[in-house]
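Each chain, written out:
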Amino acid sequence: MPLTLFVAKESQAGEPRVAASPDTVKRLVKAGHTVTVEKGAGILSRIPDADFEGAGASIVTAAAGAGKADVVLKVRRPTSPELKKYKKGAAVIAVMDPYDAEKALGEMAKAGLSAFAMELMPRITRAQSMDVLSSQANLAGYQAVIEAAAAYDRAMPMMMTAAGTVPAAKVFVMGAGVAGLQAIATARRLGAVVTATDVRPAAKEQVASLGGKFIAVEDEEFKAAETAGGYAKEMSKEYQAKQAELVAEHIAKQDIVITTALIPGRPAPKLVSKKMLDAMKPGSVLVDLAVERGGNVEGAKANETVTTRNDVKVIGIANMPGQVAASASLLYAKNVLAFLETLVDGESGALNINRDDELVAATLLTHDGALVHPRFGGEAPAAADKGEKADG
């Protein structure tokens, strides 16, 4: 039978996003499911309750909606008080941040929930429409430039006027992944002179294609610094020292620096030292997109702008996609819907959690009262476990 879904209002401070949109609600209702939305869930993403109602959802309190839901849709991992409202056997789909979260994972297992971590979605062709990390990182890279431009008290593009020429701002992007490439593209659109660095050789061409100049020590080790799967290899201490020297010299000449290096489950690597900050020009701006994991910039603080003694601003916004919540929610909602559709039986409309499916295997943290993800202490499914249906 079709499902009852509950879209929760986020309870974590500083989280304005929501896990559904009027468009995704309309598609779920059209498929025969019942959708309830917690009152005010979309307000901070510029989605009033009336828009959800117009799409076919019912607006409810958390107490009324959570306990009846077969599937709960969230942005952030549910808190302990929220878990107590969910019914046993419900599925919860969210960005779970499972690293170093043994207590939270244990609570979800004890509650009998099937908890799915959207950020663990494998980066394969089939799952491109479900890639939360990419959709949110794109917006983070864009917004990082907007935040930097707002804090930078000069013009970004070169301007030639009768009174003289205003030089273009120099922007340096550290890391050319999804967020970094979007930051490069945005800074270029604003007229800045952009340079970028990355440890992956393939990034050089990507940076150039967006109009940026690539900065790196391009020796033989660098040329072999990528695995067959396209990931960066760990570089030698000698290479790291040479690269750090090059970067330090380059940063001293920049107006804006944006750092994007983040490895899931690990503290963010330190890329910009206090010594590098001391060498920068007064009025320079750094935006640290890894501040939630400790930061790439020495001295960066989550949700604060730190001004150094030489008047360099270090911006540490922990939830950068949340700064553009209206856009971020629309993309996240589509990611969630695309994944949810793979979990629903096409004929009966019931939830079908097939643990042999590579998407389920990669994202399922807890199930049937147990922690099941091997990376976080669970056991892989038995070969005989071909699929489990629940009609909610």
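What counts, and at which threshold
Sequence positions are assigned chain by chain, starting from 1 and proceeding in written order. Where local features are concerned, this predicted model is filtered to residues with pLDDT of at least 70; where side-chain atom pairs are given and counted, the filter is 80 or more; whole-chain, interface and lining totals use all residues. As a convention, hydrogens and water are excluded, and side-chain values are obtained from all of the structure's heavy atoms. Runs of H or I in DSSP of at least four residues are treated as helices and runs of E of at least two as strands, each being numbered from the N terminus. Throughout, radius of gyration means the C-alpha value; the globule benchmark is 2.2 Å times the number of residues raised to the power 0.38. Whether two residues are in contact is decided by their heavy atoms, any of which lying within 4.5 Å being enough. Surface accessibility in these figures is a Shrake-Rupley result with a 1.4 Å probe; residues are shielded only by whichever protein chains are displayed. Strand pairing follows a simple DSSP-based rule, namely that at least 2 bridges must link the two strands. Axes, fitted as lines to C-alpha atoms, cover a helix only where it is in contact. Angles between the N-to-C directions of the axes lie from 0 to 180 degrees. Stacked, edge-to-face and tilted labels apply to pairs of Phe, Tyr and Trp rings (six-membered ring for Trp) whose centres lie within 6.5 Å, assigned for plane angles under 30 degrees, over 60, and everything in between, in that order. Buried means the residue's accessible area, taken with a 1.4 Å probe over protein chains only, is under 20% of the maximum for its type, while exposed means over 50%, and partly exposed covers the values in between. As used here, the arc is the angular range of directions from the helix axis to the C-beta atoms. Viewed with both strands pointing away, a crossover whose connecting path from the first strand over the helix to the second turns clockwise is right-handed. Definition of a polar contact: a pair of N or O atoms within 3.5 Å, with one able to donate and the other able to accept a hydrogen when the atoms are protein atoms, and with sequence-neighbouring residues admitted only if both atoms are side-chain atoms.

> Help me understand the overall build of the chain, please; the structure alone is not making it clear to me.
Counting secondary structure elements, the chain contains 13 helices and 19 strands. Radius of gyration (C-alpha) of the chain: 23 Å, near the 21 Å computed for a compact globule of 392 residues. When the backbone C-alpha atoms are referred to their principal axes, the chain occupies close to 70 × 50 × 35 Å. In the chain, the share of contacts with a sequence separation of at least 24, taken over all contacts with a separation of at least 6, comes to 64%. In the structure as shown, the chain presents an accessible area of about 18200 Å², 54% of it carried by carbon and sulfur atoms.

> Hey, could you run me through the sheet that holds strand β3 (residues 58-60) in this one?
Strand pairing in a sheet relies on backbone hydrogen bonds. The paired strands run either parallel or antiparallel. Overall, mixed pairing links the eight strands, which are arranged β3-β2-β1-β4-β5-β6-β17-β18 in an open sheet. Edge positions in the sheet fall to β3 and β18 (370-371), since each has one partner strand and no second. Packed on one face of the sheet, helix α12 (residues 325-343) meets β1 (4-7), β4 (71-76), β5 (91-95) and β6 (114-117) and runs near 145 degrees to β5.

> Could you clarify how one ought to interpret the packing of aromatic side chains in this entry?
A ring pair, where both rings are aromatic, is described by two values, the distance of the centres and the angle of the planes. Here the structure, examined in full by the defined rule, presents three aromatic pairs. Plain terms: the ring middles of Phe-116 and Phe-339 are 5.4 Å apart, the flat faces sit at 70 degrees to each other, and that makes the pair edge-to-face. A residue pair is termed long-range when its members are at least 10 positions apart, and Phe-116 in strand β6 and Phe-339 in helix α12 qualify at 223 residues. Pair check on accessibility: Phe-116 and Phe-339 agree, each one buried. Summarising the aromatic geometry, the rings of Phe-214 and Phe-222 are spaced 6.0 Å apart at their centres and angled 45 degrees between planes, so their arrangement reads as tilted. This pair shows no difference in class: Phe-214 is buried, exactly as Phe-222 is.

> Sorry, what's going on with the sheet that holds strand β10 (residues 193-197) here?
Pairing in this open sheet of seven strands is mixed, and the strands run β11-β10-β9-β12-β13-β15-β14 from one edge to the other. Pairing within the sheet leaves two strands with one partner each, and these edge strands are β11 (213-214) and β14 (304-307). Judged from the five bridges that link them, strand β9 (residues 170-174) and β10 form a sheet pairing that is parallel. For Met-174, the partnering residue across the bridge sits in β10 and is Thr-197. Contacts between helix α10 (residues 237-251) and the sheet are confined to β9, β10 and β12 (256-259), with β9 contributing the most and set at about 155 degrees to the helix.

> Please explain helix α1 (residues 22-30) as it appears in this structure.
Within α1, burial applies to Thr-24, Val-25 and Leu-28. Buried residues in α1, looked at end-on, bunch into an arc of 100 degrees, giving them a common side. In this structure, α1 carries Lys-26 and Lys-30 as exposed residues pointing more than 90 degrees from its buried face.

> Just to check I follow, could you spell out the pairing of β1 for this structure?
Two faces, one strand: in a regular strand the side chains alternate between the faces of the sheet. In the sheet, β1 pairs with strand β2 (residues 34-38) via four bridges, with the strands oriented parallel. From the neighbouring strand, Leu-5 faces β2, where its bridge partner is Val-35. Since β1 and β2 lie parallel, the crossover through α1 that links them has a hand, and here it is right-handed. The sheet contact formed by β1 and β4 spans three bridges and is parallel. If you follow Val-7 over to β4, its bridge partner there is Leu-73.

> What's the story with the side chain of Thr-24 in this structure? I'm lost.
Structurally, the position occupied by Thr-24 is in helix α1. Here Ser-21 takes part through its backbone nitrogen, which lies 2.9 Å from a polar atom of the side chain of Thr-24. Discounting residues that sit within four places of it in the chain, Thr-24 has contacts with Ala-333, Lys-334 and Leu-337.

> Looking at this structure, I do not really get the pairing of strand β13 (residues 285-288). What am I missing?
Residues Val-285 and Val-287 line one face of β13 and the alternating positions Leu-286 and Asp-288 line the opposite face, and both faces are buried. With four bridges connecting them, β12 and β13 associate as parallel partners. Of the residues in β13, the one forming a bridge with Val-257 is Leu-286. Pairing geometry for β13 and strand β15 (residues 313-316), over three bridges, is parallel. In the strand pairing of β15, Leu-286 is matched with Val-314.

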